Amino acid sequence: MKTIYKNIYSVLRINRLIVWSVVTLGFLTSAFSLWSVFDMNQKMLNSMFAVNTDGAVIPLKLTSARENLEVEARAHLDLFHHYFYGIDASNYENNLEKALWLGDSSVDNIYRQKKAEGLYNRLLQYSLVQRIKEVKTELDLSEEPYDFRTTTIFEINRGKVVDTYELITTGNLLRVDRHFPRNTHGLLITNFFENSLRKLTDENR
């Protein structure tokens, strides 16, 4: 019996279709794999991990970390301004020592300037009391170092006379290693500057 051969062009067409199908399937598979890896990488970048006492890995969302950063930044600045400006004859040395651990040389320079101007001697001589009433901070956490602008309202008690002042300070915050108890928030104040100081009256309070 004579063998009937198929048209060579039909055979080539079928082969080409099979090749293109395999190539397309391979491309789609590779694309899906790349997308899966990218998606997993993004999820990893948006998460942090901690290990509990049992050795299990616990994911912590980065959004939560950012929220915690804002809380800690505000707490750090609030603590610093209370230490640096909330002073009296009995606690100023201890408070200033604690405050200096929360900032860099820019804070130390302002401290030395105040000391040279005799501020702390007057504090002792006249038994002055500086009491913090309010600390309000504006933060920009979009990129490090983080900018801040803090408004501090404080009173100076001179015995029978109590004056109220508004102080505006600015600077940056850098992340550093935590240190208990000297720097529990792991932040450092840099480029610290006292922008303005004004005495408040009943009219402008």
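Each remark here, short or long, concerns the structure printed above.
Residues numbered from 1 in each chain as written. Predicted model: local features only at pLDDT ≥ 70, side-chain atom pairs only at ≥ 80, totals over all residues. Heavy atoms only, no water.

Report on the overall build of the chain, specifying residues and quantitative values.
Along the backbone of the chain there are 5 helices and 6 strands. Along its sequence from the N terminus, the chain presents helices and strands in the succession α-β-β-α-α-α-α-β-β-β-β. Per-residue burial for the chain yields a buried fraction of 29% across its 205 residues. Long-range pairs, those at least 24 residues apart, make up 54% of the contacts in the chain between residues at least 6 apart in sequence. Summing over all exposed atoms, the chain offers an accessible surface of approximately 14,600 Å²; the carbon and sulfur share of this is 57%. (Helix = DSSP H or I, 4+ residues; strand = E, 2+ residues; numbered from the N terminus. Buried < 20%, exposed > 50% of the residue type's maximum accessible area, 1.4 Å probe, protein only. Contact = heavy atoms within 4.5 Å. Areas by Shrake-Rupley, 256 points an atom, 1.4 Å probe, with all protein chains shown as cover.)

Please give an account of the nonpolar core that cites residues and values.
Ranked by internal contacts, the top residues of the largest apolar core, which has 29 residues, are Phe80, Phe84, Leu173, Ile189 and Phe192. When residues of this core are traced back to their parent elements, those giving at least two are helix H2 (62-85), helix H3 (92-100), helix H4 (105-116), helix H5 (119-125), strand S3 (129-140), strand S4 (146-157), strand S5 (162-175) and strand S6 (187-200). Broken down by element, this core gets its largest block of residues, 6 residues, from H2. Sequence-distant contacts of Phe80, defined by excluding residues within four places in its chain, comprise Ala99, Leu102, Val107, Ile189 and Phe192. (Core = buried A, V, L, I, M, F, W, Y, C linked by side-chain atoms within 4.5 Å.)

I'd like to hear about the pattern of salt bridges, residue by residue, with values.
Scanning the model with the defined rule gives 8 salt bridges in all. The partner of Glu72 in a salt bridge is Arg178, with the nearest N and O atoms 2.7 Å apart. Here Glu72 is found in helix H2, whereas its partner Arg178 is found in the loop between S5 and S6, with 106 residues between them in sequence. What makes Arg178 exposed here is its relative accessible area of 53%. Here Lys133 and Glu155 are joined by a salt bridge, their closest N and O atoms 3.6 Å apart. A residue pair is termed long-range when its members are at least 10 positions apart, and Lys133 in strand S3 and Glu155 in strand S4 qualify at 22 residues. Through salt bridges that share partners, Arg158, Asp163 and Lys199 make up one connected network. (Salt bridge = Lys/Arg side-chain N within 4 Å of Asp/Glu carboxyl O.)

Describe the pairing of S5, listing the residues and the values that go with them.
The buried fraction of S5 amounts to 10 of the 14 residues, a majority that puts the element mostly inside the structure. Joining the antiparallel neighbours S4 and S5 is a turn of 4 residues, in which Gly159 adopts a positive phi near 95 degrees. The pairing of S5 with S6 spans 11 bridges and is classified as antiparallel. In the strand pairing of S6, Thr169 is matched with Glu194. (Pairing = 2+ DSSP bridges.)

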